[in-house]
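# Results of the structural survey
Here are the chains, one letter per residue:
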Amino acid sequence: MSDAFSRRVFVVVRRIPPGRVATYGLVAVLVGRPLAARAVGNVMRHCEDDGVPCHRVIHATGRPAFPRHATRLRREGVRFSDARVDLTRHLWRPRLP
DNA sequence: CGTGTGACCTAAG
DNA sequence: ACTTAGGCCACAC
């Protein structure tokens, strides 16, 4: 998909550094649609992982969408406490331009 | 143009 | 700490 919204979502997700994560809601904020968290999820659903680190976008509870994402995150040094990411430690806090 | 759906979020109980 | 209910947005039909 290459509509405007999806592109902006992917641009943001590509900027998430290794070892950090963003929630769907945070991505929504960063693309300028603070209430479009669900739509972000829809975009990620069709993500074919072409250079986009979709495993770094997780649920607000700290649970990745799929277990395989958790293993990739662990490989990047992300710490889990009981199957959820320690958000206080790993939530991405981008520098605002 | 109306409806249903989804890798969501938050507040409340 | 779970579960619900309500809300919001983009997209496919």
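To start, this report covers the structure provided alongside it. As the structure is a prediction and not an experimental result, all values here were calculated from the model.

Time to look at the overall build of chain A. Scanning chain A from N- to C-terminus turns up five helices and four strands. Listed by position from the N terminus, the elements making up chain A come as α-β-α-α-β-α-β-β-α. Computed over C-alpha atoms, the radius of gyration of chain A comes to 12 Å, within 12% of the 13 Å expected from 2.2 N^0.38 for 97 residues, which places it in the range of a compact globule. Viewed in the frame of its principal axes, chain A has a C-alpha envelope of about 35 × 30 × 20 Å. For chain A, with 97 residues in total, the buried portion stands at 40%. Across chain A, contacts joining residues at least 24 apart in sequence account for 58% of those joining residues at least 6 apart. One finds the centroid of the 19 positive side-chain charges in chain A at a distance of 6 Å from the centroid of its 7 negative side-chain charges.

Tracing the backbone shows H90 in helix 5 (residues 87-90). With residues near it in sequence (within four places) discarded, H90 still touches G19, R20, V21, G77, V78, R79 and V85.

On to the nonpolar core, then. In terms of nonpolar packing, the biggest core is built from 19 residues, with V9, V13, V27, V40, M44 and V57 touching the most fellow members. Sorting the residues of this core by element identifies helix 1 (4-14), helix 2 (24-30) and helix 3 (37-45) as the ones contributing at least two each. Non-local contacts of M44, meaning those with residues more than four positions away in its chain, are made with V9, F10, V13, Y24, C54 and V57. Of all hydrophobic cores here, the second largest spans eight residues; its members include L73, V78, F80 and L87.

Attention shifts here to the packing of aromatic side chains. Under the definition given, this model contains zero aromatic pairs. Looking at R74, its charged tip hangs above the ring of F80, at a distance of 4.6 Å from the centre.

Before going further, it helps to examine the protein's contact with DNA strand B. For DNA strand B, the set of nearby residues contains 16 residues, the closest of which are Y24, R38, N42, M44 and R45. Atoms of DNA strand B within 4 Å of the protein belong to the sugar or the phosphate in 42% of instances, the rest to bases. The backbone of G25 places a nitrogen or oxygen atom 3.1 Å from a phosphate oxygen of DNA strand B. One of the side-chain N or O atoms of R38 is found 2.6 Å from a base nitrogen in DNA strand B. Elements with a contribution of two residues or more to the surface near DNA strand B: helix 2 and helix 3.

About the cut-offs
Per chain, residue numbering runs from 1 following the sequence as it is written. Throughout, the order in which chains and ligands are written sets their labels, letters from A for the former and numbers from 1 for the latter. In keeping with the predicted nature of the model, local features appear solely for residues at pLDDT of at least 70, side-chain atom pairs appear and are counted solely at 80 or more, and the whole-chain, interface and lining totals rest on all residues. Heavy atoms from the whole structure form the basis of all side-chain values; hydrogens and water molecules are not counted. Secondary structure is summarised from DSSP: a helix means a run of H or I of at least four residues, a strand means a run of E of at least two, and numbering begins at the N terminus for each. In this setup the radius of gyration rests on C-alpha atoms only. A globule is expected at 2.2 Å times the number of residues raised to 0.38. Exposure is judged per residue with a 1.4 Å probe applied to protein chains only, and the accessible area is read against the type maximum: over 50% gives exposed, under 20% gives buried, and values in between give partly exposed. Any pair of residues with heavy atoms lying within 4.5 Å of one another is described as a contacting pair. For the purpose of counting charges, residues Lys and Arg are taken to be positive, whereas Asp and Glu are taken to be negative. His and the chain ends are not included. One atom stands in for each charge, and that atom is NZ of Lys, CZ of Arg, CG of Asp or CD of Glu. Grouping buried Ala, Val, Leu, Ile, Met, Phe, Trp, Tyr and Cys residues that are joined through side-chain atoms within 4.5 Å yields what is termed a nonpolar core. Aromatic rings from Phe, Tyr and Trp, with only the six-membered ring used for Trp, were paired whenever their centres fell within 6.5 Å, and each pair was classed as stacked if the ring planes differed by under 30 degrees, edge-to-face if by over 60, and tilted otherwise. Charges are assigned to positions over rings by a cutoff of 6 Å between ring centre and Lys NZ or Arg CZ, combined with an angular limit of 35 degrees from the ring normal. We define proximity as follows: a residue is near a molecule or strand when any one of its heavy atoms falls within 4 Å of that partner. Under the rule applied, a polar contact is a pair of N or O atoms within 3.5 Å (in protein, one hydrogen donor and one hydrogen acceptor; residues adjacent in sequence only if both atoms are side-chain atoms).

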